Amino acid sequence: MKLIQTIFDKSRRHFEKNGKLAFLFPFYDATETFFFIPGHTTRSDSHIRDSLDVKRYMSFVIVALMPPFIFGIYNAGYQSNLFSGKSLDLIPVFLCGLALVLPIVAVSYLVGFFWETTFASIRNHPISEGFLVTGLLFPLTLPPTIPLWQVAVGISFGVVIGKEIFGGTGRNILNPALTGRAFLFFAYPGNMSGDPVWVAVSKAKEVVVDTVSSATPLAVSKLVESGDRIESVLSNMDYSFFTLLMGRYPGSIGATSALLCFVGAGLLVFVGVASFRIIVGGIVGVLSMGLLLNLLAGESTAAWFSLNPLYHLVMGGSAFGIAYMATDPVSAPGMNASRWIYGFCIGGLTVLIRVFNPAFPEGIMLAILFMNLFSPLLDYFVIKFKLKKRIVNV
Amino acid sequence: MKLTKTDHYKAFSVPLLQENPISIQMLGICSALAVTVQMKTAIVMGLSLTFVLSFSNLTISLMRNVIPRNIRMIVELSVIASLVIVADEILRAFLYDISKQLSVFVGLIITNCIVMGRAETYALGHTPGLSFMDGLGNGAGYSSVLISVAFIRELLGSGKLLGYQVIPTMAYDLGYENMGFMLLAPAAFIIIGLLVWLQNWLTHDR
């Protein structure tokens with residue numbers, strides 16, 4: 001620790017005003033505060049500062065993202081090796097996963113960092129740490145076969161249009177990672193949806209695998225005829241409830257394991273970063289909308305209607321979205337009551353989009369972006385309601 | 001007097017950039033979303049609007065002293081409507097294919113906020129010559145934004161410009177893909193937004 005401190009102290013003069021590298025000061029500042037709590041003081045009233053500043057805040061999210069991230073690496077490698085007929089031992093699977101996932105994450109970070117530094121230098125404000133989270137969240141929502149240049153385009157769109165044009169971290173109305181993903185989804189649908197994108201089959205051995213389909217559970221469920229049970233069709237495809245919960249099935253890199261997502265969500269709630277109201281609201285929303293559709297299910301309705309609501313929670317990205325995307329403190333509402341409503345609506349809309357819109361098998365992305373737009377409105381009404389309860393002039 | 005100092009020149013040049021109808025006044029957005037998937041349609045649309053706008057300004061300005069105040073809107077509308085019909089018929093006669101692609105949007109020039117707005121705010125209070133130049137300038141400003149948006153959308157969305165393949169097949173072999181998003185209407189919103197950003201950034205000295 002002492003050593004790091006001296007390194008920073010010695011190199012500081014180059015980055016301060018009139019130094020040779022003064023234009024890189026935001027970069028220096030960002031690296032230094034990554035190691036040490038910054039010594040900045042407040043400029044105006046209220047001199048109490050919580051040590052949980054934006055940087056620690058974001059670091060906690062990164063830590064909480066580790067379980068799905070590491071599992072995502074494993075899963076990408078496992079699916080790839082399974083479909084290419086290679087060894088399924090832990091280490092080769094992991095190596096294969098690393099080779100698939102790390103380039104995507106690296107590109108996402110590099111390009112995101114480039115935009116962040118550019119805007120920080122032009123606007124003369126410190127580099128914000130938000131992009132550390134965005135840069136990791138974004139690749140976790142992508143299929144492992146995504147071309148790297150599309151990752152670059154997507155993260156650029158997410159960071160610039162989703163965040164910087166509103167003024168940077170803390171001012172964005174949409175979740176930047178999801179904005180980038182939504183952009184890719186509409187810009188390059190061939191690489192973001194459909195059966196072949198979810199598993200990276202290595203070109204060398206394409207012989208073995210005709211028997212297994214790489215369709216995601218959501219894609220499978222979409223095709224189930226009305227009258228059949230989705231659950232039984234899924235378990236015929238080896239997607240039992242337990243598999244879906246654990247997450248060893250083809251899907252977005254980090255979003256497959258519902259269990260690990262909820263572990264991460266628990267961690268975030270425990271350290272006080274995420275709001276449990278949004279998470280619980282989201283789960284309740286998914287389950288109650290699923291139950292409501294169960295009640296409506298009849299002979300002629302689509303198979304989706306009669307699906308056990310718990311399946312909605314473990315399939316696809318709904319758990320990941322509710323745990324990490326919906327709880328983004330910037331784009332989520334700030335009042336407790338509106339957080340309940342916000343979470344509930346995200347859950348409900350996710351199920352609605354899945355069931356009623358065959359074009360979008362994954363509803364959580366659109367549901368969260370849609371509710372992001374409503375969060376200022378929710379806050380507005382909740383505050384208005386609270387003010388009404390006040391006694392006037394006392 | 002230098003050309004750039006004359007009133008007529010100013011009436012033409014101010015709406016080109018400083019008071020651009022789309023990027024500054026945010027008028028006529030609907031047609032800018034609808035016809036900018038290809039450059040061809042955007043150019044024809046820009047020309048038709050320029051035609052309608054400059055001649056409606058000219059006509060209304062000529063009549064400005066005889067139009068009764070309380071029915072001026074109706075008079076303006078009938079002038080604009082006649083011009084729109086003329087433009088539509090010309091397109092149908094000579095550019096049938098493009099006129100089919102533009103479908104109702106030529107007819108909808110009549111509801112374009114720019115035309116009515118210039119008639120109300122400018123032509124009713126200025127001489128015919130100035131009004132005509134103002135119409136030309138606004139039309140050119142509108143067309144320039146339309147064509148830039150269409151340029152970006154056609155290039156990224158289908159890899160073509162004016163219908164000719166621009167992006168080489170080699171790029172597709174290397175893994176390049178057309179951006180399907182650019183063919184959807186929201187893309188025009190985002191591009192117009194970015195153009196406005198660029199213009200504000202270039203013209204405002206902060």
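Thresholds applied
Residues numbered from 1 in each chain as written. Chains lettered and ligands numbered in written order. Predicted model: local features only at pLDDT ≥ 70, side-chain atom pairs only at ≥ 80, totals over all residues. Heavy atoms only, no water. Helix = DSSP H or I, 4+ residues; strand = E, 2+ residues; numbered from the N terminus. Buried < 20%, exposed > 50% of the residue type's maximum accessible area, 1.4 Å probe, protein only. Contact = heavy atoms within 4.5 Å. Areas by Shrake-Rupley, 256 points an atom, 1.4 Å probe, with all protein chains shown as cover. Domains from an automatic or database assignment. Buried area = accessible area lost by both parts, 1.4 Å probe. Polar contact = N/O pair within 3.5 Å; in protein donor to acceptor, adjacent residues only side chain to side chain. pLDDT = per-residue confidence, 0-100. Salt bridge = Lys/Arg side-chain N within 4 Å of Asp/Glu carboxyl O.

**Q** Tell me what's going on with the overall build of chain A, and back it up with residues and numbers.
**A** Regarding its fold elements, chain A presents 17 helices and zero strands. Looking at the 394 residues of chain A, the share that counts as buried comes to 50%. Sequence-distant contacts in chain A: of pairs separated by 6 or more residues, those separated by 24 or more amount to 70%. Accessible surface computed for chain A: about 18,800 Å², of which carbon and sulfur atoms make up 68%.

**Q** Let's hear about the side chain of Glu 164 of chain A: which residues, and what values?
**A** Residues and elements named next belong to chain A. With respect to the element layout, Glu 164 can be found in the loop between helix H6 (148-160) and helix H7 (176-187). A residue is classified by how much of its surface remains accessible, and Glu 164, at 0% relative accessible area, is buried. Apart from residues lying up to four places away in sequence, Glu 164 is in contact with Glu 116, Phe 119, Arg 123 and Val 159.

**Q** Describe the domain arrangement of chain A, naming the residues involved and giving the relevant values.
**A** Residues and elements named next belong to chain A. Assigned domains within chain A: domain 1 (2-35), domain 2 (54-212) and domain 3 (225-383). Of the roughly 3,200 Å² buried between domain 2 and domain 3 on both sides combined, carbon and sulfur atoms contribute 76%. The largest share of the area that domain 2 buries against domain 3 comes from Tyr 57, Phe 71 and Leu 178, three residues that together contribute 17% of it. Seen at the junction of domain 2 and domain 3, the total is 12 residue pairs in polar contact (both at pLDDT 80 or more).

**Q** Quick one: what's the story with the environment of Phe 183 of chain A, residue by residue and with numbers?
**A** With respect to the secondary-structure elements, Phe 183 of chain A resides in helix H7. For Phe 183 of chain A, a relative accessible area of 5% translates into the label buried. Once residues lying within four places of it in the same chain are set aside, the contact partners of Phe 183 of chain A are Val 153, Gly 154 and Phe 157 of chain A together with Met 179 and Phe 181 of chain B.

**Q** Can you break down the confidence of the model for chain A residue by residue, with the values?
**A** Scored by pLDDT, chain A comes out at a mean of 81, with 87% of its residues at no less than 70. Counting contacts from residues 204-212 of chain A, a segment whose pLDDT is below 50, to residues more than four positions away or on other chains yields seven contacts.

**Q** Describe the interface of chain A and chain B, naming the residues involved and giving the relevant values.
**A** If you look at the interface, chain A gives 13 residues, while chain B gives 11 residues. A combined buried area of about 970 Å² lies between chain A and chain B, and 75% of that area is made up of carbon and sulfur atoms. Taken as a group, Trp 149, Phe 186 and Tyr 188 of chain A account for 37% of the area that chain A buries against chain B, more than any other trio of residues on that side. Counting the contacts that link chain A with chain B gives zero salt bridges. At the boundary of chain A and chain B, one finds three residue pairs in polar contact (both at pLDDT 80 or more). Looking at the side of chain A that touches chain B, the elements that each hand over two or more residues are H6 and H7 of chain A. In terms of residue count, H6 of chain A provides more of the side of chain A that touches chain B than any other element does, five residues in total.

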